[in-house]
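# Breakdown of the fold
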Amino acid sequence: MMLQQPATKYTAFEPIDLPQRTWPNQVITQPPVWLSTDLRDGNQALIEPMSIARKLRLFRTLVDIGFKEIEVGFPAASQTEFSFIRHLIEQNLVPDDVTLQILTPAREALIRRSFEAVQGAKQAIVHVYNATAPTFRQVVFNLDKAGTIQLATEAAKLIKHLAIAHPETQWRFQYSPEVFTSTELPFAREICNAVLNIWQPTAAAKAIINLPASVEVATPNVFADQVEWMHQNLDYRESVVLCVHPHNDRGCSVAAAELAQMAGAERVEGCLFGNGERTGNVDLVTLAMNLYTQGISPGLDFSRIDEIVRIAEDCTQLPVHPRHPYAGELVFTAFSGSHQDAIKKGFAVRQPQDRWAVPYLPMDPADVGRSYESVVRVNSQSGKGGIAFLLEKDYGVQLPRKLQIEFSQIVQKSVDISGQEMTAANIWEIFQAEYLRSISPFQYLSHQSTELENGRSQLAIQLSTQPEHPALTLSGAGNGPVDAFINALNAEFSGRFGEIEIRHYEQRSLTQGSNSQAIALIEIATRQGTTYGIGIHVNIVAASFNAIISALNRNAIASESTKSQTNLAAIGN
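Presented here is a report on the structure given in the accompanying data block. Every value quoted in this text rests on a predicted model; they were computed, and no experiment measured them. (Residues numbered from 1 in each chain as written. Predicted model: local features only at pLDDT ≥ 70, side-chain atom pairs only at ≥ 80, totals over all residues. Heavy atoms only, no water.)

### Thoughts on the packing of helix α2 (residues 52-65) against helix α3 (residues 79-90)
Axis separation between α2 and α3 bottoms out at 10 Å; the angle between their running directions is 50 degrees. The angle between α2 and α3 falls in the class oblique. As for how α2 packs across α3, the hand of that crossing is right-handed. Facing α2, whose interface residues are I52, K55, L56 and F59, α3 presents T80, E81, S83, F84, H87 and L88. Grouping the constituent residues of the contact of α2 with α3 by class yields five nonpolar, three polar and two charged. (Axes fitted to C-alpha atoms, helices over the stretch in contact; angles between N-to-C directions. Helix = DSSP H or I, 4+ residues; strand = E, 2+ residues; numbered from the N terminus. Parallel < 35°, antiparallel > 145°, perpendicular 65-115°, else oblique. Left-handed = near helix turned anticlockwise from the far one by under 90°. Contact = heavy atoms within 4.5 Å. Nonpolar A, V, L, I, M, F, W, Y, C, P; charged D, E, K, R; others polar.)

### What to know about the environment of A491
Counting through the fold element by element, A491 comes out in helix α16 (residues 481-497). When the C-alpha positions of A491 and S475 are compared, they lie 8.6 Å apart, and in sequence the two are 16 residues distant.

### Topic: helix α10 (residues 284-292)
The buried fraction of α10 amounts to eight of the nine residues, a majority that puts the element mostly inside the structure. Elements that come into contact with the buried residues of α10 comprise β1 (33-36), α9 (253-262), β8 (267-270) and α11 (305-316). Among the residues of α10, the N-terminal cap falls to D283, whose side-chain oxygen and the backbone nitrogen of V285 are separated by 2.9 Å. (Buried < 20%, exposed > 50% of the residue type's maximum accessible area, 1.4 Å probe, protein only. Polar contact = N/O pair within 3.5 Å; in protein donor to acceptor, adjacent residues only side chain to side chain.)

### Some details on the sheet that holds strand β4 (residues 123-131)
Pairing in this closed barrel of eight strands is parallel, and the strands run β1-β2-β3-β4-β5-β6-β7-β8 around the ring. In this sheet, adjacent strand axes meet at a mean angle of 25 degrees when their direction is disregarded. The pairing of strand β3 (residues 99-105) with β4 spans six bridges and is classified as parallel. Considered in β4, the bridge of L103 is made with H127. Strands β6 (207-213) and β7 (240-246) of the sheet are contacted by helix α8 (residues 220-233), whose axis makes an angle of about 160 degrees with β7. (Pairing = 2+ DSSP bridges.)

### Notes on the packing of helix α7 (residues 185-199) against α8
To describe two helices that pack against each other, one gives the angle between their axes and the distance between the axes. Their axes nearest at 10 Å, the elements α7 and α8 cross at an angle of 45 degrees. When the interaxial angle is binned, α7 and α8 end up oblique. Of the two possible hands of crossing, α7 and α8 adopt the one that is right-handed. Residues L185, P186, A188, R189, C192 and N193 of α7 lie in contact with α8, whose contacting residues are Q226, W229, M230 and N233.

### Description of the packing of aromatic side chains
Two measures describe an aromatic ring pair: the distance that separates the ring centres and the angle between the ring planes. Inspection of every chain in the model, using the stated rule, returns 15 aromatic pairs. Measuring from ring centre to ring centre gives 4.5 Å for Y395 and W428, while their planes differ by 10 degrees; the resulting arrangement is stacked. Here Y395, found in helix α13 (residues 384-395), pairs with W428, found in helix α15 (residues 424-436); they are 33 residues apart in sequence, far enough to count as distant. Assessed through its relative accessible area of 27%, Y395 is described here as partly exposed. With 6.1 Å between their ring centres and 50 degrees between their planes, F442 and F497 make a pair best called tilted. Here F442 is found in the loop between α15 and β9 (443-451), whereas its partner F497 is found in helix α16, with 55 residues between them in sequence. Residue class for F497 comes out buried when judged on its relative accessible area of 2%. Of the aromatic side chains, those joined through ring pairs into one cluster are Y395, F407, W428, F431 and Y435. One cation-aromatic arrangement involves R113 over F82; the distance from NZ or CZ to the ring centre is 3.6 Å. Between R137 and the ring centre of F187, over which it is positioned, the NZ or CZ distance is 4.8 Å. (Phe/Tyr/Trp six-rings, centres within 6.5 Å; stacked < 30°, edge-to-face > 60°. Lys NZ or Arg CZ within 6 Å of the ring centre and 35° of its normal.)

### Examining the sheet that holds strand β11 (residues 472-478)
What the three strands build is an open sheet, ordered β9-β10-β11; its pairing is antiparallel. What marks the edges here is a single partner per strand, and that holds for β9 and β11. Within this sheet the neighbouring strands show an average axis-to-axis angle of 20 degrees, counted without direction. Lying over the sheet, α16 contacts β10 (457-464) and β11, oriented at roughly 125 degrees with respect to β11.

### Considering the pattern of salt bridges
Inspection of every chain in the model, using the stated rule, returns 26 salt bridges. The salt bridge partner of E81 is K55, with a shortest N-O separation of 3.9 Å. A residue pair is termed long-range when its members are at least 10 positions apart, and E81 in helix α3 and K55 in helix α2 qualify at 26 residues. The class of E81 is buried, set by a relative accessible area of 2%. By relative accessible area, K55 is classed as buried at 0%. A salt bridge links K402 to E523; the nearest nitrogen and oxygen atoms lie 2.6 Å apart. Taken together, the residues span a long stretch of sequence, with K402 in helix α14 (residues 401-418) and E523 in strand β13 (residues 518-526) at a distance of 121 residues. Residue K402 is classed as partly exposed on the basis of its relative accessible area of 46%. What emerges from the salt-bridge pattern is a single network uniting E69, R172, R267 and E269. (Salt bridge = Lys/Arg side-chain N within 4 Å of Asp/Glu carboxyl O.)

Following this line, the structure appears as structure tokens:
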């Protein structure tokens, strides 16, 4: 049960005394050095550890993405990881510009086993660590500060000795004061400096000091203070690559990694999609794409994000959440009507040369290989904008605002009945049934047009009024074919409809090329009210006539429905 007074059990993390902190005024202008730890099963905490085949598939994916430093395992902890590393090296599967990293605790036997795993590699990073936080020193290892430093320095000496014995490999060394975030800063500096004194790094052969948030214990600004304190006080600073390895216990690892870079960190370790033990490591996809949306090339390529998601899920057996930033199935999707309307308007005004500025879309989904099909999806929460967006994007149909409102109400009725999401194909089927397939009471069959000397048009139009009745031929003249058709209809059906008037008319091409189709959208007014009709045909005149007939048929149906409702009301009274 949660405590009413948690302060009786938990202690707030004390702020760092860093009055001259500079990181709040810094701006990230370049990507960090990236290190993927995806292949370390212990770090991933997988229910089903990866086989060598899965590890190899994920390794190739990481290389394709652009990672140049990849932690390929904890070879002393697992025979599978040891065998996988040997397979990479013996089969010459590591590109020349990629450096393998291995992880080992500060224990002699484990360090020697780790060196065996990478024997023959062109270049390798040996990453050694030991826990330095008070709780670990006192409870887990029963060591004082001196004993903790001795453990680290003895490991550093052995690593340097073994590296000298294998000059065929270009070695680099990395040290982590594990649980750095809970370690007293002066002691963290002391133990890191002790290790550096043994390795004697230079600007040409830098060591890596990694500051892991093994457990995230404070807000990201506190972590940034810790990193900047080390950045300002560490010896050999010009010969050290300062690295961070944030975990996500408080859900702040991305922010912590970004602020840490502002505080002096030059390298970041993490996993694709934030995988890792407990709540995970920092999410390298989010971190990299955050840079990308600020106009900074991250040096990693996520152009085929869906494929990367599938491979990661298959290899790790861990799902990527549908709301995961940049990679989730639904992150570029709008169901809300107001969001859809804003997105539609953003796309409508956007020019190819414009900087990206589409409402609700922080980046162009196409940049990560997503089509625009998933941007707008229609359910019971959607509005006219989303429906109109799908019609225009997939079928080239642009609806005027009034018709958008009308058609969205028709679609919503269907959604309410089915309770299901509507695809673009579903919407197109409803659109055709409502506007394009109505043949009662009228169906346009054909026409003949004659241009008169005064510029007017003379028409002879054939209509079908009932399937069992012979075709009806109408005649009319007007200032153009559409005007002539309306005059012919008024001459024949004024008693039924009153005076038919055109209130709105527009036409455009739906497709390009010799087989292009035209669409006509017409709003007519009769004594029963105003109604829209739509016609599509390879001939624009025929499309216009079909649109008029579509409007008349819908007007007649609406009129009959009104009469039926009136009669029912009268019976009820």
